[in-house]
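# Results of the structural survey
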Amino acid sequence: MKKRLLVIGLDCAAPALVFDRVAELPNLKKLMDAGIHGKLRSCDPPITIPAWMVMATGRDPGQLGLYGFRHRRGYEYNKMWIANSTAVKEKTVWDYLGEQGRESVLVSVPPSYPPKPVRGKLISCFITPSSEQAYTYPAELRQEIEERFGPFRFDVTFRTEDRSQVLSEIYQMTENHFEVIGYLLQDKNWSLFWFVEIGVDRVHHAFWKFMDRDHHLYEPGNPYETVIPDYYRFLDEKIGQLLEKVDDRTAVLVVSDHGAKRMKGAFCVNDWLIEQGDLVVTEPPQRGESVDKLKIDWTRTRAWGWGGYYARIFLNVEGREPQGIIRPEDYEAARDELAERLRAIRGPRGEEWKTVVIKPQEHYPELNGEYPDLMVYFDDLYWRSAGTLGYGTMYLEENDTGPDDAVHDYEGIYILYDPKKKGGREQDANILDIAPTILRLLEGPEVPGLRGKVIE
Amino acid sequence: MEKEFTPVSIPTSLYKKIEEKIKGTEFSSVSSYVTKVLRESLSKNEENKEVFSAEEEEKIKERLKALGYID
Ligand SMILES: [Zn+2]
């Protein structure tokens, strides 16, 4: 009989919180002792969308044409679209397995709304507008789940200063997920079972400053100090209960899409561009105004930026943008010059930053979709990019759009337990390695053109 | 490295017509206009990206903002 694989996706799980604290996590420790584990270098950008699809397809964001949660629609200034499952055109590992007649169960692997047909079962992810929508494949699965466990909980309400409320919602959501997963694990046929728990990411973003002594907002003796490690222990227990439900020919892969680290602040990139003369406005921005609403004089604007865990910078180019002013023949020089200025940005106290600037055309071997002209990781991702502006300072202590104590980090984790193999090894890997590893493990087809290596 | 721009030849008469057409519009150049029109014509054949209603999209944007993914 062919092997089966259970993929336990922990969105945002960080090496320091798993490997350095593994003594408190007996079930993960068992898998580590018997398997291979290491840091997993995420893609660029190290963001949930596209990272999970990079894992599932073995293709990088350039090939996927996915650079985050939203994209410009063509080259117009104010039209955009939100990433969703239909944007993923490359085949996933479950598509390949499906062609061999093998079934998969997929729970909340982003982006999976709207639910796409799969050979097996699927529940969509946290971009699902609400549990009022059709969120399963096949459609009947929804009723089956709701009869037993109530409406599926896709996410928590995040924008709130009431952290206790957030915490209780995170626990309720994760409980709900593991109930559903435990049921599907036993009730359905599958070769591949892949779920993603988004609660890990949410607990990081809401509670990091309470735990991390190096965080600028950390307060000793605060009541939430142990929230994050406690949640990991709770997860470990839940994972232990799942592992009791699978047989001994089941391989297990615990994996995260990126890591996390403390946020130092948010940098208002559009205020900076205004100051530099690259962005020209006809009316001064109001406090906290979004760049989408800003009154911009496009006939004098050379560049503007988007916020998020990283900044996307767009140039206003003649022949591309409707009112572009940078001449195409000057594009490269203008971009290099801007990149250099971005790299030279210093922190609020004049401290040097390790800002990374990426040119998509050079970074990705293949380039599709609506990519930005520059991708910027301010201070090595420690400073997120604020899309809003007009605060009177470019440096915000907190996220511009709500509490957010953590940013993403390049390195996530993986633990691969294969019952047929001897383990106990540590070996770092790349997110592109996951798809070929899954296909090899499950004796799927050899897929040409995958750049990752099999982890073995 | 892939270059961001590449030239295309079109008849001069057509070029002049477009030049006339975009006078006083938001388009700063013939290329900008041609890019937009070609993109629109091509994207008609692309799969519809409008998965979310306008109302849903606003809701999701707010949520993604609160989560830190955008803005
Ligand atoms: Zn993530």
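Keep in mind that what you see is a predicted model, and the values were worked out from it rather than measured. (Residues numbered from 1 in each chain as written. Chains lettered and ligands numbered in written order. Predicted model: local features only at pLDDT ≥ 70, side-chain atom pairs only at ≥ 80, totals over all residues. Heavy atoms only, no water.)

## Describing the nonpolar core
All names here are of chain A. Ranked by size, the top nonpolar core spans 169 residues in total, and within it Trp194 and Phe207 carry the most contacts. No other element matches the ten residues that helix 7 (residues 163-187) contributes to this core. Taken domain by domain, this core gets at least three of its residues from each of domain 1 (4-259 + 409-441) and domain 2 (265-403). The contact partners of phenylalanine 207, leaving out residues within four places of it in the chain, are Arg163, Val166, Leu167, Ile170, Tyr224, Val227, Ile228 and Asp405. (Core = buried A, V, L, I, M, F, W, Y, C linked by side-chain atoms within 4.5 Å. Buried < 20%, exposed > 50% of the residue type's maximum accessible area, 1.4 Å probe, protein only. Helix = DSSP H or I, 4+ residues; strand = E, 2+ residues; numbered from the N terminus. Domains from an automatic or database assignment. Contact = heavy atoms within 4.5 Å.)

## Structural notes on the interface of chain B and chain A
Tallying the contact residues gives 35 residues for chain B and 62 residues for chain A. Approximately 4000 Å² of surface area, both sides summed, lies buried where chain B meets chain A, with 54% of it carried by carbon and sulfur atoms. The largest contributions to the chain B side of the interface with chain A come from Glu4, Tyr69 and Asp71 of chain B, which together make up 21% of the buried area. Counting across the interface, chain B meets chain A through three salt bridges. Between glutamate 4 of chain B and arginine 320 of chain A there is a salt bridge, with its nearest N and O atoms 2.7 Å apart. Summed over the shared surface of chain B and chain A, the result is 19 residue pairs in polar contact (both at pLDDT 80 or more). For the side of chain B that touches chain A, the elements supplying multiple residues, two or more each, are helix 2 (30-43) and helix 3 (54-66) of chain B. In terms of residue count, the dominant contributor to the side of chain B that touches chain A is helix 3 of chain B (ten residues). Tallied by class, residues from the side of chain B that touches chain A come to eleven nonpolar, seven polar and 17 charged. (Buried area = accessible area lost by both parts, 1.4 Å probe. Salt bridge = Lys/Arg side-chain N within 4 Å of Asp/Glu carboxyl O. Polar contact = N/O pair within 3.5 Å; in protein donor to acceptor, adjacent residues only side chain to side chain. Nonpolar A, V, L, I, M, F, W, Y, C, P; charged D, E, K, R; others polar.)

## So, the domain arrangement of chain A
Residue and element names in this part refer to chain A. For chain A, the assigned domains are domain 1 (4-259 + 409-441) and domain 2 (265-403). One C-alpha centre belongs to domain 1, the other to domain 2, and the line joining them spans 30 Å. With 33 residues of domain 1 at the interface, the matching set in domain 2 holds 36 residues. Both faces considered, domain 1 and domain 2 share a buried interface measuring about 3000 Å² in area, 55% of it formed by carbon and sulfur atoms. Here domain 1 is connected to domain 2 by two salt bridges. Here glutamate 321 ties to arginine 72 by a salt bridge, and the two come within 3.0 Å at their closest N and O atoms. Between domain 1 and domain 2 we count 16 residue pairs in polar contact (both at pLDDT 80 or more) in total. Listed by contribution, the elements that provide at least two residues to the side of domain 1 that touches domain 2 are helix 4 (61-64), strand 3 (70-72) and strand 4 (80-82). The residue inventory of the side of domain 1 that touches domain 2, partitioned by class, reads 13 nonpolar, ten polar and ten charged.

## Here's the deal with helix 2 (residues 26-34) of chain A
Residues and elements named next belong to chain A. Residues of helix 2 that are buried: Asn27, Leu28, Leu31 and Met32. The arc that holds the buried residues of helix 2, viewed along the axis, is 140 degrees, so those residues lie on one side. Looking at the buried positions of helix 2, the neighbouring elements they touch are helix 1 (15-18), strand 2 (36-41), helix 9 (227-243), strand 9 (250-255) and strand 21 (411-417). (Arc of directions from axis to C-beta.)

## Quick word on the confidence of the model for chain B
Residues and elements named next belong to chain B. When pLDDT is averaged along chain B, the result is 85; 90% of the residues meet or exceed 70. Element-level mean pLDDT values for chain B span from 86 in helix 2 up to 92 in helix 1 (residues 12-22). As scored by the predictor, the complex reaches a pTM of 0.94 and an ipTM of 0.87. (pLDDT = per-residue confidence, 0-100.)

## Observations concerning helix 3 of chain B
Residues spaced three or four apart along an α-helix point in a common direction, a consequence of the helix completing one turn every 3.6 residues. Taking 1.5 Å as the rise per residue, helix 3 of chain B with 13 residues should run 18 Å; its terminal C-alpha atoms sit 19 Å apart, in good agreement. Burial in helix 3 of chain B covers these residues: Glu56, Glu57, Ile60, Lys61, Leu64, Lys65 and Ala66 of chain B. Contact partners of the buried residues in helix 3 of chain B: strand 4 of chain A. Glycine 68 of chain B sits one or two residues past helix 3 of chain B and shows a positive phi near 90 degrees. (Expected span 1.5 Å × (residues − 1).)

## Some points on the pattern of salt bridges
Taken as a whole, this structure holds 44 salt bridges over all chains when the rule is applied. For arginine 335 of chain A, the salt bridge is made with glutamate 332 of chain A, and the minimal N-O distance between the two is 3.1 Å. With arginine 335 of chain A and glutamate 332 of chain A both in helix 11 (residues 331-343) and three residues apart, the pair spans about one turn of that helix. Arginine 335 of chain A gets classed as buried once you look at its relative accessible area, which sits at 0%. On the basis of relative accessible area, glutamate 332 of chain A is assigned to the partly exposed category, the value being 26%. Each of Arg72, Arg320, Glu321 and Asp373 of chain A together with Glu4 of chain B takes part in one network of salt bridges that share partners.

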